[in-house]
Amino acid sequence: MDHYKALIQQQHAFFATGQMKAVALRREALIRLRDSIRRHERAITDALKADLNKSEFEAYATEIGIVLSEIRFVLKHLRAWARPEKAKTPLTHIGSRSAIYSEPYGVVLIIAPWNFPFQLALMPLIGAIAAGNCAVIKPSELTPRTSAVIARIIGETFFDVYIAVAEGGAETSRALLRESVDYVFFTGSPPVGRLIMEAAARRLIPVTLELGGKSPCIVHKDANLKLAAKRIVWGKFMNAGQTCIAPDYLYVHYSVKTLLIEQLKLAIGELYGIDPLNNASYTRIVNDKHFDRLLALLNEGEGHVSIGGASDRDSLRIEPTVLAGIQEDDAIMKDEIFGPILPVLEYGDLDEALAFVNSRPKPLALYIFSENKAVQQQALTGASFGGGCVNDTVFHFTSPHLPFGGVGSSGMGAYHGHSGFKLFSHRKSVLKMTTLFDLPFRYPHLKHALKRV
Ligand code: NAD
């Protein structure tokens, strides 16, 4: 692992040259990254197909396209973000001016998961580059083709001393965490997030943790059920439910449950066809272990299968499945499902549903479907969650104006757009004082000082 020690030392040496303080060079780096991604678009799409059977449409819409539009957004605003930001000065500080300088941390380590293996490795990199850092990306070993394409793109575009890729599994992360990196950006599961934070605490370096959890989707009795069903099916079953902000479970007002399930069935048929297992565009489960974990949840026999339920071990695919009649203490309500199984619970009183949400670890997302502003407000203010949508699912992730991140056990820190730039910058507060005069108030009074002696 001396290789990583040398790599990080070389990155520190490059950082110390101060070259990337020039905003023009950071923009140049982002332009080169954008062009390289465009050149490798076919290879990225093929890798995502091989690793997860992602369709071309999903590969572009949820991975390549998101990264390209983030680069576009950052390029447009970077010059303005990088300028020192003026701050107010109180009257007590008369004679001075205040500003906040954004300075890069140094060497950033980005550890990425497998579910959106391209996007979740590259989106943080954009913020890290914009803020002027060097970076090492550790992609997920569970999606090896995508990991190899990321290594190729970065290797062809940048010198290792500036941006590098370290391929491998947990051992590789651990080896890198032992080196003198200045910041860790981790996306993955809460248990591993805890280990990352422990490692960072030992070296007293900041971390961002983008974790997961069980994100509730509440459907109130006055919701537009047809539209709700379509947007829930879209958010839940894209990537076969292997999405950190997918609705994990539905909490539906009992009076509309049957109607909603009918609409879910129609929407699944519309989006995936009557036989999703034979739909070539339907994403597969990442590996046997996760396939077995999901089948075990189905085999618990909790509730009853209202839609789907079939699976195919050869292609590692599980139909979009809706389980009705689930109770709050069922096994499927324990951990994040991270697959195409949607449990449905019923509520009568929204306060009770929110009390249940609040009794659990804070989710990464929450979705509320209702036509009533008071009900929407009740859900938005009645529970703590990373971020979410009213009358939609997942879509908040794609706005560069909305910071994306979790709270509590779903994570800490937020990125995307300006938030990404700020996240990877130390915000240095500076007060510039005049030398034209010197007001005496803050100094100890000489007379009093003499009396005390
Ligand atoms: P994971 O925690 O198993 O792995 C994530 C990364 O950490 C991988 O690169 C892996 O190699 C590395 N890793 C694994 N064990 C490690 C260890 N002991 N020490 C150091 N590094 C280690 O997560 P995953 O299975 O790849 O991803 C699924 C999880 O990620 C889900 O919980 C999901 O909700 C979450 N997620 C969150 C977001 C977000 O933006 N908040 C996005 C996607 C996924």
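Just so we're clear, the structure is a prediction, and the values are computed from it rather than from any experiment.

## Brief notes about the overall build of the chain
Alright, step 1. When helices and strands are tallied, the chain shows 15 helices and 20 strands.
Alright, step 2. A compact globule built from 453 residues should have a C-alpha radius of gyration of about 22 Å, and the chain, at 25 Å, falls within 12% of that.
Alright, step 3. With respect to the three principal axes, the spread of C-alpha positions in the chain is 85 × 55 × 40 Å.
Alright, step 4. Of all 453 residues assigned to the chain, the portion counted as buried reaches 44%.

## A closer look at the site of the ligand
Alright, step 1. Around the ligand, 27 residues are found, and the nearest of them are Pro113, Ser173, Gly188, Gly212 and Cys244.
Alright, step 2. Residue assignment for the shell around the ligand shows that the elements contributing at least two residues are helix 7 (170–177) and helix 8 (190–203).
Alright, step 3. With three residues, the single largest contributor to the shell around the ligand is helix 7.
Alright, step 4. Taken together, the residues of the shell around the ligand break down into 12 nonpolar, 10 polar and five charged.
Alright, step 5. Taken together, domain 1 (1–211 + 411–430) and domain 2 (216–398) each give at least three residues to the shell around the ligand, which thus spans both.

## A look at the nonpolar core
Proteins that are soluble and globular tend to have nonpolar side chains buried together.
Alright, step 1. The biggest cluster of nonpolar side chains holds 123 residues, and the ones touching the most others in it are Val108, Ile110 and Ile137.
Alright, step 2. The element best represented in this core is helix 5 (residues 119–130), accounting for nine residues.
Alright, step 3. Once you skip the residues sitting within four places of it in the chain, Ile137 turns out to touch Ile110, Ala112, Ala121, Leu125, Ile150, Ile154 and Val165.

## A closer look at the domain arrangement of the chain
Alright, step 1. Domain parsing of the chain yields domain 1 (1–211 + 411–430) and domain 2 (216–398).
Alright, step 2. Spacing between the C-alpha centres of domain 1 and domain 2 amounts to 31 Å.
Alright, step 3. Taken together, the 12 residues of domain 1 in the interface contact 13 residues of domain 2.
Alright, step 4. Here the side of domain 1 that touches domain 2 gets four residues from one element, more than from any other, and that element is helix 4 (residues 56–82).
Alright, step 5. When grouped by side-chain class, the residues that make up the side of domain 1 that touches domain 2 number five nonpolar, five polar and two charged.

## What about the UniProt feature "active site" (unreviewed entry) in the chain?
Alright, step 1. According to UniProt, the positions carrying the feature "active site" (unreviewed entry) are Glu210 and Cys244. Judged by maximum C-alpha separation, these annotated positions cover 35 residues in sequence but sit close together in space, the widest gap being only 9.2 Å.
Alright, step 2. Among the structural elements, Glu210 can be located in strand 7 (residues 207–210).
Alright, step 3. Sequence-distant contacts of Glu210, defined by excluding residues within four places in its chain, comprise Phe186, Thr187, Gly405, Gly406 and Gly411.
Alright, step 4. For Cys244, the location among the structural elements is in the loop between helix 9 (225–237) and strand 9 (249–253).
Alright, step 5. In contact with Cys244, not counting residues within four places along its chain, are Asn115, Gly212 and Leu364.

## Observations regarding the environment of Ala175
Alright, step 1. Structurally, Ala175 can be placed in helix 7.
Alright, step 2. Since 17 C-beta atoms lie within 10 Å of it, Ala175 is described here as partly exposed.
Alright, step 3. Separated by 170 residues in the primary sequence, Ala175 and Lys5 have C-alpha atoms spaced 8.6 Å apart.

## Details of the sheet that holds strand 18 (residues 411–412)
Alright, step 1. Pairing is mixed across the open sheet formed by six strands, whose spatial order is 5-4-3-6-7-18. Here the strands that pair on one side only, and so sit at the sheet edges, are strand 5 (163–165) and strand 18.
Alright, step 2. Across four bridges, the pairing between strand 6 (residues 183–187) and strand 7 is parallel. Among the inter-strand pairings, Thr187 is bridged to a residue of strand 7, identified as Glu210.
Alright, step 3. Across the sheet, helix 5 lies against strand 3 (107–111), strand 4 (134–138) and strand 6, angled at about 165° from strand 3, the strand it touches most.

## Section: the UniProt feature "domain: Aldehyde dehydrogenase" (unreviewed entry) in the chain
Alright, step 1. The sites that carry the UniProt feature "domain: Aldehyde dehydrogenase" (unreviewed entry) are, in the present numbering, residues 18–430.
Alright, step 2. Note that residues 18–430 is 41% helix and 20% strand, and that its end C-alpha atoms are spaced 20 Å apart.

## Remarks on the packing of helix 3 (residues 41–52) against helix 4
Alright, step 1. Two elements in contact, helix 3 and helix 4, have axes separated by 10 Å at closest approach and are oriented at 110°. By the angle between their axes, helix 3 is roughly perpendicular relative to helix 4. Only Glu56, Ala59, Glu63 and Ile64 of helix 4 make contact with helix 3, whose side of the interface consists of Glu41, Ile44, Thr45 and Leu48.
Alright, step 2. Here the residues of the contact of helix 3 with helix 4 sort into four nonpolar, one polar and three charged.

## What about helix 8?
Alright, step 1. For helix 8, spanning 14 residues, the distance from its first C-alpha to its last is 20 Å, which sits close to the expected 20 Å at 1.5 Å a residue.
Alright, step 2. Restricting attention to buried positions, one finds in helix 8 the residues Gly193, Ile196 and Ala200. Viewed end-on, helix 8 has its buried residues packed into an arc of 60°, placing them on one side of the element. Away from its buried face by more than 90 degrees, helix 8 exposes Pro191, Glu198, Ala201 and Arg202.

## Digging into the environment of Arg360
Alright, step 1. Mapping Arg360 onto the fold places it in the loop between helix 12 (350–358) and strand 15 (365–369).
Alright, step 2. Using a count of 16 C-beta atoms within 10 Å as the deciding quantity, one classes Arg360 as partly exposed.
Alright, step 3. When the C-alpha positions of Arg360 and Gly213 are compared, they lie 9.6 Å apart, and in sequence the two are 147 residues distant.

## Brief notes about the environment of Glu262
Alright, step 1. Its place among the elements puts Glu262 in helix 10 (residues 257–272).
Alright, step 2. Between the C-alpha atom of Glu262 and that of Arg317, which follows or precedes it by 55 residues, the distance is 23 Å.

## What to know about unusual backbone geometry
Alright, step 1. Positive phi is not limited to glycine here, since Asn53 has a value of about 55°.
Alright, step 2. Relative to the elements of secondary structure, Asn53 occurs in the loop between helix 3 and helix 4.
Alright, step 3. Even without being a glycine, Asn391 presents a positive backbone phi close to 60°.

## Comments concerning the pairing of strand 3
Alright, step 1. Burial runs high along strand 3: five of the five residues are buried.
Alright, step 2. Because side chains alternate across strand 3, one face comprises the buried residues Val107, Leu109 and Ile111, and the other comprises Val108 and Ile110, equally buried.
Alright, step 3. With five bridges connecting them, strand 3 and strand 4 associate as parallel partners. Paired with Ile110 across the bridge in strand 4 is Ile137.

Calculation criteria
Residues numbered from 1 in each chain as written. Predicted model: local features only at pLDDT ≥ 70, side-chain atom pairs only at ≥ 80, totals over all residues. Helix = DSSP H or I, 4+ residues; strand = E, 2+ residues; numbered from the N terminus. Rg over C-alpha atoms; globule rule 2.2 N^0.38 Å. Buried ≥ 20, exposed ≤ 12 C-beta atoms within 10 Å, placed from the backbone. Near = placed C-beta within 6 Å. Nonpolar A, V, L, I, M, F, W, Y, C, P; charged D, E, K, R; others polar. Domains from an automatic or database assignment. Core = buried A, V, L, I, M, F, W, Y, C linked by C-beta atoms within 7 Å. Contact = placed C-beta atoms within 7 Å. UniProt positions renumbered as here; feature names shortened; annotations may be inferred. Pairing = 2+ DSSP bridges. Axes fitted to C-alpha atoms, helices over the stretch in contact; angles between N-to-C directions. Parallel < 35°, antiparallel > 145°, perpendicular 65-115°, else oblique. Expected span 1.5 Å × (residues − 1). Arc of directions from axis to C-beta.

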